[in-house]
Amino acid sequence: MLHVLYLVGVAAFAASGVLAAYRANMDPFGGLVLAFAASISGGTLRDLILDRQPLYWTHDWVLLTVIICVGVGTIAYLRFWTLPVKSLLVVDAVGLSVVTVIGARAAIEAGATPLAVIILAVLTGVAGEVIRDVLCGEFPPLLLREDVYAIAALAGGCCYLGLHHLGTGGTPAAAVSAGVVFALRMAAVYFGVHLPRPESLGKRSSD
């Protein structure tokens with residue numbers, strides 16, 4: 001069940017990579033490159049830090065097939081239809097929520113400390129988005145412009161860690177924690193929630 005959940009997250013990030021390439025006026029090949037970059041970068045970084053060999057995606061043909069199929073399917077869809085304006089943010093939130101939780105689970109299984117589990121959960125969730133935006137020439141990346149992005153991943157990692165220590169099963173803990181991440185991210189998107197920025201704090205103090 002958790003592997004299926006992970007495939008959902010990877011598929012969402014693959015679609016987000018193609019959508020980002022589409023907005024950056026890249027060709028279909030660029031879309032596929034970003035589909036792979038967004039999908040596997042976070043997990044690759046996590047496995048390198050945990051010294052897990054071989055890298056998870058190098059022996060999972062199902063995962064690679066999902067990325068290719070979703071990437072090609074999204075490219076084909078965009079040739080005939082236009083997606084809603086916030087579609088990239090919604091799809092990206094799905095990927096963030098699932099991949100963050102899988103990152104926390106992998107860190108726990110590797111015997112990482114609680115703090116390391118949370119750090120690796122966040123890194124797994126956000127790394128693909130950062131690399132995707134950099135390749136699109138979008139700077140600063142979404143992570144550095146949308147405050148609740150990394151914070152949503154942080155909340156999800158903490159939630160999964162807490163549920164794990166309470167003895168909650170892997171699938172229920174993953175579902176609840178992913179829901180927390182998705183809800184926080186979508187609330188930030190649709191209600192325009194941001195943390196106070198330095199310039200706004202400065203204006204308040206001067207007043």
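This write-up is about the structure you can find in this document. Remember, it's a predicted structure, so these values are computed and weren't measured experimentally.

## Focus: a nonpolar patch on the surface
Among the surface-exposed residues, Leu45, Ile49, Leu115, Ile119 and Leu123 lie close enough to one another that they form a single nonpolar patch of about 420 Å² accessible area. If you list the elements that add at least two residues to the nonpolar patch, you get helix 2 (28–50) and helix 5 (114–135). Ranked by the residues each element gives to the nonpolar patch, the list is headed by helix 5, at 3 residues. By secondary structure assignment, the location of Leu45 is in helix 2.

## Re the environment of Phe13
Examined against the element boundaries, Phe13 turns out to sit in helix 1 (residues 2–23). For the pair Phe13 and Ile40, spaced 27 residues apart in sequence, the C-alpha separation works out to 8.8 Å.

## Thoughts on the packing of helix 1 against helix 4 (residues 87–109)
It is at 8 Å that the axes of helix 1 and helix 4 come closest, and there the two elements cross at 140°. As judged from the angle between their axes, helix 1 and helix 4 are oblique. Here helix 1 runs over helix 4; the crossing is left-handed. Residues Leu2, Leu5, Tyr6, Val8, Gly9, Ala12, Phe13, Ala15, Ser16, Leu19, Ala20 and Arg23 of helix 1 touch helix 4, and the partners they reach there are Ser87, Leu88, Val91, Asp92, Val94, Gly95, Leu96, Val98, Val99, Ile102 and Arg105. Split into classes, the residues belonging to the contact of helix 1 with helix 4 amount to 16 nonpolar, 4 polar and 3 charged.

## Here we look at the environment of Thr65
Turning to its location among the elements, Thr65 is positioned in helix 3 (residues 61–78). Of the residues examined, Thr65 reaches a relative accessible area of 33% and is grouped as partly exposed. As a C-alpha pair, Thr65 and Ala11 span 54 residues in sequence and 10.0 Å in three-dimensional space.

## Some thoughts on the pattern of salt bridges
Counted according to the given criterion, the structure contains 5 salt bridges. The partner of Asp47 in a salt bridge is Arg52, and the shortest N-O contact between them spans 3.6 Å. The exposure class of Asp47 is buried, given its relative accessible area of 1%. The shortest N-O distance in the salt bridge between Glu109 and Arg105 comes to 3.1 Å. With Glu109 and Arg105 both in helix 4, this residue pair falls 4 residues apart, about one helical turn. Glu109 gets classed as exposed once you look at its relative accessible area, which sits at 54%.

## Section: helix 2
Given 3.6 residues per helical turn, the α-helix brings residues three or four places apart onto the same face. Taking 1.5 Å of rise per residue, the 23 residues of helix 2 would be expected to cover 33 Å, and the 34 Å separating its terminal C-alpha atoms lies within 8% of that figure. The axis of helix 2 is deflected most strongly, by about 40°, at Ile40. Within two residues after helix 2, Asp51 carries a phi angle of roughly 60°, on the positive side.

## Re the side chain of Ser16
Here Ser16 is to be found in helix 1. For Ser16, the side chain forms a polar contact with the side chain of Arg132, separated by 3.2 Å. Among residues more than four places away in sequence, those in contact with Ser16 are Ala38, Leu88, Val91, Asp92 and Arg132.

About the cut-offs
Residues numbered from 1 in each chain as written. Predicted model: local features only at pLDDT ≥ 70, side-chain atom pairs only at ≥ 80, totals over all residues. Heavy atoms only, no water. Patch = residues over 30% accessible without salt bridge, like charges linked within 9 Å, V, L, I, M, F, W, Y side chains within 5 Å. Areas by Shrake-Rupley, 256 points an atom, 1.4 Å probe, with all protein chains shown as cover. Salt bridge = Lys/Arg side-chain N within 4 Å of Asp/Glu carboxyl O. Helix = DSSP H or I, 4+ residues; strand = E, 2+ residues; numbered from the N terminus. Axes fitted to C-alpha atoms, helices over the stretch in contact; angles between N-to-C directions. Parallel < 35°, antiparallel > 145°, perpendicular 65-115°, else oblique. Left-handed = near helix turned anticlockwise from the far one by under 90°. Contact = heavy atoms within 4.5 Å. Nonpolar A, V, L, I, M, F, W, Y, C, P; charged D, E, K, R; others polar. Buried < 20%, exposed > 50% of the residue type's maximum accessible area, 1.4 Å probe, protein only. Expected span 1.5 Å × (residues − 1). Bend = angle between axes of the 7 residues up to and from the residue. Polar contact = N/O pair within 3.5 Å; in protein donor to acceptor, adjacent residues only side chain to side chain.

Geometric values such as these leave the question of function open.
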